[in-house]
Amino acid sequence: MIKIENLHKKYGKNKILTGVDLEIPEKGIFAILGPNGSGKTTMIKSILGMVVPEKGKIFIDGKATHPNGLYRKDLDYLPQIANFPGNLGVKELIKMIKDLRGTKANEEELIQLFGLTPYLDKKLSNLSGGTKQKVNLVLAFMFDSPIIILDEPTSGLDPVAMLNLKRLIAKEKAKGKTILVTSHIMSFVEEISDEIVFLLEGKIYFKGTIQELREKTGEVDLEHAIANILTENNA
Amino acid sequence: MLKILKYSFYDLIRSRWSYVYLAFYLLLGFVLLFLNNDLSKAVITLMNVIIILVPLIGTIFGVMYYYNSKEFTELLLAQPIKRSSIFIGQYLGVALSLVMSLVLGLGIPFVLYGLFESSAIWDFSLLLVTGAMLTLIFTALAFNIALYNENKIKGFSYAILLWLFLAVIYDGLFLLSLIIFETYPLDKFTLIATVFNPIDLSRILILLKLDISALLGYTGAIFNQFFGTSLGLMSALGMLTLWVILPVWNIKRKAQKKDF
């Protein structure tokens, strides 16, 4: 379970989060939505302790997160932009992360799933964007942590990999994990998520199921429902 | 932290530049001994090279490594590892690999030349210790600069400026102030001004050990007079240690507060 209390964050004068209160119960897939620059990534990075908030507390399983970051052993994270040390090979990178984390991992299965076997000995700087994203996915899913955080998991993936990703997410959900996802692809969100959290101007604007959002906005289609919220707020 | 240190260290050891640096010292060592034919004279020449070059290399490698390993750092930050371990580990990885190049590069030619039978062995060891200290200091300063500057170009410029200031400009200003204020008693001022520059401090440390402080002129004479040789050595070494500890402590402090 993740609980966020009164989270504030600004970069210079630019206020990103202005008092986020959020409770994410155990089990299920939660989509974090919002326009560009609404603070989705900042919120996720605050949960991970990569961003240091000005104010506010974050609890994971009832325990406040400690600045030493050791609580991250229960979190798997897929960063938005797959940046890797370029002079390492794919296999070396996976081995290194496993060594640093010091826990068991089932990377073989994931390498098979995403068809990464031919790339294992290639340098990361020579991989294409989509292939890098697949490596990114392997790194995020190979540990069996109770909470998984995915920042734009679909970016650069081909349709086959996309299907595999959806299957993978469903499988992890079946294990009873909590999964946080951000995405701008509404059909993807609609298909996988149980609940939606909508961030707007640094606050939680809406939290509930897709059905509830449809009723609130009077739109049938999720994409239109979201667009509705955005235009209404700008008007 | 040890794991991070290990990976950074191996990463650097595989890099071409570490070998270039090592090869340079090997060449320097052999050429100096070949030309000088005298260990203690070679030590003095080496001192002049080390005192300028080691800080420069430490600064450049430090900044370069920090910016180049940004992706690696981001990856590590999402793992259950303390921030201080990540940054101190990387710092030590860079600094220790540079120290290793220095010690091996100069050590091999001198040992082959018969360092162990020579009386210059202590002078030479002190030279290596000072070189190691300067590497630790300037790599730490470079990491500080890089942590405060997201912009690579800016970070690089500040790092080079810092080196230029401490290696060249500082002495110039120092001399100028001595000339301008020559009618005043400047003993204390000289001492304090020296302590604030690790490069000057190292130079004095070595010259005191070589017992040729008269050559150094004013500063060395004052240092010698104030502390006596052995106490002067210890206090200079102590100050150098402080110069290592403070920037490293600040790396830790700044890393704790930074957003990624």
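The rules we used
- Residues numbered from 1 in each chain as written.
- Chains lettered and ligands numbered in written order.
- Predicted model: local features only at pLDDT ≥ 70, side-chain atom pairs only at ≥ 80, totals over all residues.
- Helix = DSSP H or I, 4+ residues; strand = E, 2+ residues; numbered from the N terminus.
- Rg over C-alpha atoms; globule rule 2.2 N^0.38 Å.
- Buried ≥ 20, exposed ≤ 12 C-beta atoms within 10 Å, placed from the backbone.
- Contact = placed C-beta atoms within 7 Å.
- Pairing = 2+ DSSP bridges.
- Nonpolar A, V, L, I, M, F, W, Y, C, P; charged D, E, K, R; others polar.
- Axes fitted to C-alpha atoms, helices over the stretch in contact; angles between N-to-C directions.
- Left-handed = near helix turned anticlockwise from the far one by under 90°.
- UniProt positions renumbered as here; feature names shortened; annotations may be inferred.
- Core = buried A, V, L, I, M, F, W, Y, C linked by C-beta atoms within 7 Å.
- Parallel < 35°, antiparallel > 145°, perpendicular 65-115°, else oblique.
- Expected span 1.5 Å × (residues − 1).

If you look chain B up in an unreviewed UniProt entry, it shows as ABC transporter permease from Brumimicrobium glaciale.

If you look chain A up in an unreviewed UniProt entry, it shows as ABC transporter ATP-binding protein from Brumimicrobium glaciale.

**Student:** What should I look at first to understand the overall build of chain A in this one?
**Tutor:** In terms of helices and strands, chain A carries eight helices and ten strands. Its C-alpha atoms give chain A a radius of gyration of 18 Å, near enough to 18 Å, the size a compact globule of 235 residues would have. Principal axes of the C-alpha set define a box for chain A whose edges measure 55 × 40 × 35 Å. Relative to its full complement of 235 residues, chain A shows a buried share of 39%. In chain A, the proportion of contacts linking residues at least 24 apart, taken out of those at least 6 apart, comes to 70%.

**Student:** Which parts of the structure should I look at to understand the pairing of strand β10 (residues 203-208) of chain A?
**Tutor:** Successive side chains on a regular strand alternate, one facing one side of the sheet and the next facing the other. Residue and element names in this part refer to chain A. Of the pairings in the sheet, the one linking strand β9 (residues 195-200) to β10 comprises five bridges and is antiparallel in character. From the neighbouring strand, V197 faces β10, where its bridge partner is K207. In textbook terms, the turn of a hairpin is the stretch between consecutive antiparallel strands, and for β9 and β10 this stretch comprises two residues, one of which, E201, has a positive phi near 50°.

**Student:** In this structure, what is going on with the interface of chain B and chain A? I would like to understand it.
**Tutor:** Reports often express the size of an interface as the amount of accessible area lost when the parts come together. Facing 18 residues of chain B, the contacting portion of chain A comprises 19 residues. At the level of elements, α1 (2-13), α4 (70-77) and α12 (229-257) of chain B are the ones that each hand at least two residues to the side of chain B that touches chain A. Examining the composition of the side of chain B that touches chain A, we find that five residues originate from one element, α4(B), more than from any other. Grouping the amino acids of the side of chain B that touches chain A by side-chain chemistry returns eight nonpolar, three polar and seven charged.

**Student:** Before we go on, may I ask you to explain the packing of α1(B) against helix α5 (residues 83-112) of chain B in this structure?
**Tutor:** Axis angle and axis distance: for two packed helices, these are the angle between their axes and the distance between the axes, and together they describe the pair. All names here are of chain B. As a packed pair, α1 and α5 sit with axes 8 Å apart at the nearest point and diverge in direction by 35°. Between α1 and α5 lies a crossing whose hand is right-handed. Along its contact with α1, which presents I4, L5, S8, F9, L12 and I13, the element α5 presents S85, I86, G89, Q90, L92, G93, V94, L96 and S97. Of the residues contributing to the contact of α1 with α5, the split by class is nine nonpolar, six polar and no charged.

**Student:** Can you walk me through the sheet that holds strand β4 (residues 55-60) of chain A in this structure?
**Tutor:** Sheet strands associate in pairs through backbone hydrogen bonding, adopting either a parallel or an antiparallel arrangement. Residue and element names in this part refer to chain A. Pairing within the open sheet is antiparallel, and its four strands lie in the order β2-β1-β4-β5. Since the sheet does not close on itself, it has two edges, and those belong to β2 (14-24) and β5 (63-64), each with one partner. Where strand β1 (residues 2-11) lies against β4, five bridges are found, and the strand directions are antiparallel. Its bridge partner being in β4, K3 is matched across the sheet by F59. Against the sheet, helix α1 (residues 40-48) contacts β1, β2 and β4, and its axis sits at roughly 120° relative to β1.

**Student:** Mind showing me how you'd approach the pairing of strand β3 (residues 28-33) of chain A here?
**Tutor:** Residue and element names in this part refer to chain A. Within β3, five of the six residues are buried, which leaves the element mostly enclosed by the surrounding structure. Taken together, the five bridges between β3 and strand β8 (residues 178-182) define a ladder with parallel strand orientation. Paired with I32 across the strands is T182, a residue of β8. Where β3 and β9 come together, four bridges link them in parallel fashion. Residue pairing in the sheet places L33 in a bridge with F198 of β9.

**Student:** Explain the sheet that holds β8(A) here, please?
**Tutor:** Residues and elements named next belong to chain A. Read from one edge to the other, the open sheet built from six strands follows the order β6-β7-β8-β3-β9-β10, with strand pairing classed as mixed. Lying at the two open borders of the sheet, with one neighbouring strand each, are β6 (75-78) and β10. Neighbouring strand axes in the sheet, compared pairwise and without regard to direction, differ in orientation by 15° on average. Docked against the sheet, α1 engages β3, β6, β7 (147-151), β8 and β9, running at close to 150° with respect to β7.

**Student:** Is there a simple way to think about the UniProt feature "transmembrane region" (unreviewed entry) in chain B in this case?
**Tutor:** All names here are of chain B. Under the present numbering, the feature "transmembrane region" (unreviewed entry) in UniProt falls on residues 20-36, 42-67, 88-112, 124-148, 160-181 and 226-249. Along residues 88-112 one finds 100% helix and 0% strand; the C-alpha atoms at either end are 35 Å apart. The distance separating the terminal C-alpha atoms of residues 124-148 is 36 Å; by composition the span is 100% helix and 0% strand.

**Student:** Where do I start with the UniProt feature "domain: ABC transporter" (unreviewed entry) in chain A in this structure?
**Tutor:** Under the feature "domain: ABC transporter" (unreviewed entry), the UniProt entry names residues 2-226 of chain A. Counted over residues 2-226 of chain A, helix gives 34% and strand 27%. Its end C-alpha atoms are 25 Å apart.

**Student:** Just checking my understanding: could you explain the nonpolar core for this structure?
**Tutor:** The nonpolar side chains of a soluble globular protein tend to be buried, and buried together. Grouped together as the largest cluster of nonpolar side chains are 136 residues, with contacts concentrated most on A:V138, A:I149, A:L180, B:Y91, B:I137 and B:A140. For this core, the leading source of residues is helix α6 (residues 121-148) of chain B, giving 15 residues. A:L180 has contacts with A:I24, A:F30, A:I32, A:I44, A:I149 and A:L150, leaving out every residue within four places of it along the chain.

**Student:** Teacher, can you tell me more about the packing of helix α2 (residues 16-36) of chain B against α5(B) here?
**Tutor:** All names here are of chain B. Packing of α2 against α5 leaves a shortest axis separation of 8 Å and a crossing angle of 25°. Classified by the angle between their axes, α2 and α5 sit roughly parallel to one another. Both α2 and α5 take part in a crossing whose hand is right-handed. Residues S18, Y21, L22, F24, Y25, L26, G29, F30 and L33 of α2 form the contact with α5, whose own contacting residues are S97, S101, L102, L104, G105, L106, I108, P109 and F110.

**Student:** Please clarify how unusual backbone geometry should be interpreted in this entry.
**Tutor:** The phi torsion of most residues other than glycine is negative, and most of the peptide bonds are trans. Residue and element names in this part refer to chain A. For N6, which is not a glycine, the phi torsion comes out positive at approximately 50°. Note that N6 resides in strand β1. Note on N6: 13 C-beta atoms within 10 Å, which makes it partly exposed. Unlike most non-glycine residues, K27 shows phi in positive territory, near 65°.

**Student:** Quick question: what am I supposed to make of α2(B) here?
**Tutor:** It helps to recall that an α-helix has 3.6 residues per turn; residues three or four apart then point in one direction. Residue and element names in this part refer to chain B. Along its 21 residues, α2 runs 30 Å from first to last C-alpha, staying within 8% of the 30 Å computed at 1.5 Å per residue. Packed against the buried residues of α2 are α3 (39-68) and α5. One or two residues past the end of α2 sits N37, with phi positive at roughly 60°.

**Student:** Looking at this structure, how should I read the environment of B:I4?
**Tutor:** Residue and element names in this part refer to chain B. Mapped onto the fold, I4 is located in helix α1. Sequence-wise, I4 and Y91 are 87 residues apart; in three dimensions their C-alpha atoms are separated by 9.7 Å. Setting aside residues up to four positions removed in sequence, I4 forms contacts with L76, S85, I86, G89 and Q90.

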